[in-house]
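Okay, here's what each chain looks like letter by letter:
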Amino acid sequence: MFLGLWVHGLVVEPSSAANVVPVDDVGGVLHLLLGMILAALALLRPRTVTAEDG
């Protein structure tokens, strides 16, 4: 979601009617960093295997 907001901030012009989520430069950097951190945490999370998993 955060990476989607970052892409939205890159693609949509600030004066456009499609700019429903106003994102400035600082907000864009924040969304990029949060998206990268959350994606890294999701990928690096240890996976526990139980007997039900096979």
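Note that the coordinates shown come from a computational prediction; the quantities given were computed from them, not determined experimentally. (Residues numbered from 1 in each chain as written. Predicted model: local features only at pLDDT ≥ 70, side-chain atom pairs only at ≥ 80, totals over all residues. Heavy atoms only, no water.)

Counting its secondary structure elements, the protein chain contains two helices and zero strands. Over its C-alpha trace the protein chain gives a radius of gyration of 17 Å, far above what one expects of a compact globule, namely 10 Å for 54 residues. With respect to the three principal axes, the spread of C-alpha positions in the protein chain is 55 × 20 × 10 Å. Per-residue burial for the protein chain yields a buried fraction of 13% across its 54 residues. As displayed, the protein chain has an accessible area near 4600 Å², and 69% of this comes from carbon and sulfur atoms. (Helix = DSSP H or I, 4+ residues; strand = E, 2+ residues; numbered from the N terminus. Rg over C-alpha atoms; globule rule 2.2 N^0.38 Å. Buried < 20%, exposed > 50% of the residue type's maximum accessible area, 1.4 Å probe, protein only. Areas by Shrake-Rupley, 256 points an atom, 1.4 Å probe, with all protein chains shown as cover.)

For helix α2 (residues 25–44), which comprises 20 residues, the first-to-last C-alpha distance of 29 Å matches the rise-based estimate of 28 Å (1.5 Å per residue) to within 8%. Here α2 has its buried residues at Gly 27, Gly 28, His 31 and Gly 35. Considered in projection along α2, the buried side chains sweep an arc of 100 degrees and stay on one side of the axis. The exposed set on the far side of α2, more than 90 degrees from its buried face, consists of Asp 25, Val 26, Leu 41 and Leu 44. (Expected span 1.5 Å × (residues − 1). Arc of directions from axis to C-beta.)

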